[in-house]
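# Survey of secondary and tertiary structure
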Amino acid sequence: MNRLSGERATYLRHSAYQRIDWYPWSEEAFERAKAEDRPVFLSSGAIWCHWCHVMAKECFEDDEVIALLNANCINIKLDRDERPDIDRIYQKAVATMGAGGGWPLSVFLTPDKEPFFGGTYFPPEDGMGRPGFKKVIRTVVEFYKSRKGEISEYVQRLMEFLKPEAFAPEKVDGAYVDEGEAAILSEFDAQNGGFASAPKFPMPGALEFLMGRHFLTRSEATGYAVKKTLLAMAKGGFHDHLGGGFHRYSVDEAWAIPHFEKMADDNAWLLRNYSEAYGLFGHGYFRDVAEDIIRFVRDVLSDPEGGFFSSQDADVTPEDEGGYFTWSEEEFKKALNDEEYRILSLHLLHERGSMHHDRSKKVLSVAREPEEIARATGVDAERVRQIISAGKEKLLRARSGREAPLVDRTFYTSLNGMLVSAHLKASRSLGDEQARDAALRSLARILGTHVSRSELLHTEGVKALLDDYVHLIDACIAAYEVTGDLVYRARAGEFMEQCIARFWDKKGGGFFDTDYELAGVRLKGIEDIPHPSANSLAVINLLKLSYAPGGEQYYRYAQTALESFSLRAKDMGIHSGYFLRAVNDSFTMIRLHLETPPGSPLAKAALASPNPFITITYGEDRGLVTPCGRGSCYEAISSPEALRDFLGKPPRP
């Protein structure tokens, strides 16, 4: 009996046809496991996950696998987007076992929810350097039956290891930030852009930190690392050159071949990066990419009534990896006239984009720039740009005729908060009123549907986690800064009070991920994996709220969190990026007290400033802006020109 057909999560309903005796995550499943003394098999994945679909087809539709699981295990299917709190615990456990991490996550548990064996993708038979899943099931079941004492000892040690390590608090200073910047830059790939080696993730927290450092120090090396990375990502196959937006990550070092799923969180953070980079460097291409992301989110991930969906799947079928997004030369040529084909094949078709399973299929990436094509063909460069623009529109129309990958239309508070904040920041940098309106409409919807009796929800039927509170607070602060509406600031304060009450670690400082323990464990993290950590963003929110009337206590929480995580984050390199951003903000944040309406020229100058260290409060209209540091204020400013000049200079700590 498969129990998934009535579930809300798209991924669970997608598995409802399988003949495995699936349970959703529930006490009922674990009670049955205890009563029948069986191990629990937990399969965690997501609708956007290519290898989840591959394993589902290869294993969960295989008669022998079905029989083995149904006869020997209690089987639970989990949607990692719906329950990231559960997935995160077991991801950490499997990684600790030495089996890596990712999706699908395949982990065997005791009836007390304790993990004792796990991995990710398993083929049905031995292959690809991995044991076959049939062999895994038989071995695990036999081990569970015959060696319970060893399992008990092992899981006790494992779960103890998963508990957050206690570090002595340590103050942070300018040297801490300098060392952190140097550590991140030591991982910079000067040839390909990005950091470390394949697989390549964009690491938006580190990019945001480095942009802030460049604003302060005008370091050429730091600025170059940011620009090189943003340009390389945008010109590679990691970026969708037709439909806009970015895929999840690159499987190679040169950003040529992506994992094709397109996620709300990735695109939210990259929208922030490219919008900020446009303001900081004035590079028109960064503006184009930011507008490209906004267009993708509008066309694919937006509900017309407000609210943002969570993801677009990687594939239509597991057999055709990236098929919707890739092109054969014949398909490419058929969509264009001869002149367009000649120019666009030089611009977007390149051997480095060849798919590993079918080299005739290519991911589009920028192979040659218009000026280079103009020199090679003798066609005027402006004409080349016109041909490229018209040809890309034709290619997009042709692609739109294909069956598109599924879009998960679930609303998650955390993802909506990310996209609301990103759109509001983009509206300030780009002057995009439509992005502003879409963000405020979506924020209104989430505040209307995901707050029930003062209880914030992650999604329908699921309590909110730290990520939900932190990103919704960030969205409310961003909305207040853009509109001056005190309701948004009040909501941010209310949610922060709830966040502290539910998640604050009274002994060690910082915030836990959840307000409950699972198998005796409550996680508390600071690393960017790969998105900026919720604790780091929480610190930035606390710093901003500390400037509001009556908000002084939030500064103490921010400082306590920074000191509690400082030793842990010290050796994280690229994964400490957003924590370093929070540390930097604690030294350099400036409040602009606007005694002028949000639509005035003075307010517009403040909102459009590329200075990444400002936060905004509003007062009665006197035609002035007063910049304030933590302990003192500067002279009030009355003209937009003078304000732009003031904000264009690095703030004094």
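Located above this text is the structure these notes cover.
Conventions and cut-offs
- Residues numbered from 1 in each chain as written.
- Predicted model: local features only at pLDDT ≥ 70, side-chain atom pairs only at ≥ 80, totals over all residues.
- Heavy atoms only, no water.
- Phe/Tyr/Trp six-rings, centres within 6.5 Å; stacked < 30°, edge-to-face > 60°.
- Helix = DSSP H or I, 4+ residues; strand = E, 2+ residues; numbered from the N terminus.
- Buried < 20%, exposed > 50% of the residue type's maximum accessible area, 1.4 Å probe, protein only.
- Pairing = 2+ DSSP bridges.
- 1 Å grid on protein atoms, 1.4 Å probe; cavity = no way out; pocket = protein on both sides within 12 Å on 5 of 7 lines; lining within 4 Å.
- Points joined across faces, edges and corners; volume = space filled by probe spheres on them.
- Nonpolar A, V, L, I, M, F, W, Y, C, P; charged D, E, K, R; others polar.
- Core = buried A, V, L, I, M, F, W, Y, C linked by side-chain atoms within 4.5 Å.
- Contact = heavy atoms within 4.5 Å.
- Disulfide = S-S within 2.5 Å.
- Salt bridge = Lys/Arg side-chain N within 4 Å of Asp/Glu carboxyl O.

Below, the discussion takes up the packing of aromatic side chains. Inspection of the entire model under this criterion finds 35 aromatic pairs. On the basis of an interplanar angle of 55° and a centroid distance of 6.4 Å, the ring pair of Phe-215 and Phe-613 is categorised as tilted. Of this pair, Phe-215 sits in helix α9 (residues 204–217) while Phe-613 is found in the loop between α24 (601–607) and β15 (614–618), placing the two residues 398 residues apart along the sequence. As far as the burial class goes, Phe-215 and Phe-613 line up, both buried.

Read across the open sheet, the 3 strands follow the order β11-β12-β13; overall the sheet is antiparallel. Unpaired on one side and paired on the other, β11 (451–452) and β13 (462–463) mark the two borders of the sheet.

Below, the discussion takes up empty space enclosed by the protein. Taken as a whole, this structure holds 5 cavities of 30 Å³ or more when the rule is applied. The space that makes up the largest cavity amounts to roughly 380 Å³. As for the largest cavity, its lining consists of 23 residues, and the residues nearest its centre are Glu-276, Lys-425, Ser-609, Asn-611 and Pro-612. Secondary-structure elements contributing two or more residues to the lining of the largest cavity are α11 (264–281), α17 (413–430) and α23 (577–588). Per-class residue counts for the lining of the largest cavity are 9 nonpolar, 5 polar and 9 charged.

Among the 6 residues that make up strand β14 (residues 590–595), 6 are buried, leaving the element largely enclosed by the rest of the structure. Going residue by residue along β14, you find Ile-590, Leu-592 and Leu-594 tucked away on one face and Arg-591, His-593 and Glu-595 tucked away on the opposite face as well. Alignment of β14 against β15, held across 5 bridges, turns out to be parallel. Its bridge partner lying in β15, Arg-591 is registered against Thr-615. Bridging between β14 and strand β16 (residues 624–628) involves 5 bridges; their strand directions are antiparallel. Opposite Glu-595, over in β16, you have Leu-624 as the bridge partner.

What follows covers unusual backbone geometry. The amide bond that connects Trp-103 to the next residue, Pro-104, takes the cis arrangement and shows omega of 5°. Tracing the backbone shows Pro-104 in the loop between α5 (84–96) and β4 (105–109). Looking along the chain, the bond that leaves Ile-529 and enters Pro-530 is cis, with omega of -10°. With respect to the secondary-structure elements, Pro-530 resides in the loop between α20 (486–503) and α21 (534–545). Positive phi, normally seen in glycine, also occurs at Asp-37, with a value near 50°. With respect to the helices, strands and loops of the structure, Asp-37 is situated in the loop between α2 (27–36) and β2 (40–45). Of note, the phi angle at Ala-519 is positive, near 50°, even though the residue is not glycine. You can see Ala-519 is positioned in the loop between α20 and α21.

As a further point, take the nonpolar core. Judged by nonpolar contacts, the single largest core of 120 residues is most densely connected at Met-233, Phe-246, Tyr-274, Leu-443, Phe-511 and Leu-592. The dominant element in this core, judged by the number of residues it contributes, is helix α19 (residues 466–483), at 12 residues. In contact with Phe-511, not counting residues within four places along its chain, are Leu-466, Cys-499, Ile-500, Phe-503, Trp-504, Lys-524, Asn-535, Ala-538, Leu-542 and Phe-565. Counting residues in each nonpolar core, the second largest holds 26 residues, with Cys-73, Phe-116, Phe-122 and Ile-151 among its members.

Once that is clear, we can look at the state of the cysteines. Note on terminology: a disulfide is the covalent bond linking the sulfur atoms of two cysteines. According to the stated counting rule, one finds 2 disulfides in the structure shown. Between the sulfur of Cys-628 and that of Cys-633 lies a disulfide, 2.0 Å long from S to S. With the S-S bond torsion at 95°, the cross-link from Cys-628 to Cys-633 turns out right-handed. Along the protein, the cysteines that take part in disulfide bonds pair up as 1-2, 3-4, counted in sequence order. Here Cys-59 is not disulfide-linked; the sulfur of Cys-52 is the nearest cysteine sulfur, at 12 Å.

This part covers the pattern of salt bridges. Within this structure, the stated rule accounts for 56 salt bridges. A salt bridge links Arg-385 to Glu-371; the shortest N-O distance between them is 2.6 Å. One end of the pair, Arg-385, is in helix α16 (residues 381–400); the other, Glu-371, is in helix α15 (residues 370–377), with 14 residues separating them in the sequence. The exposure class assigned to Arg-385 is partly exposed, which follows from its relative accessible area of 34%.

Our focus in this paragraph is the pairing of strand β12 (residues 455–459). Two faces make up the sheet, and in a regular strand the side chains alternate between them. Most of β12 sits out of view: 4 of its 5 residues are buried. Across 2 bridges, the pairing between β11 and β12 is antiparallel. Following the sheet pairing, Val-451 is matched in β12 by Leu-456. Counted along the chain from β11 to the antiparallel partner β12, the turn is 2 residues long, and its residue Arg-453 has a positive phi close to 50°. Sheet topology note: the β12/β13 ladder contains 2 bridges and is antiparallel. Across the sheet, the residue bridging to Leu-457 is Lys-463, located in β13.

Take it as geometry only, folks, not as evidence of what the structure does.
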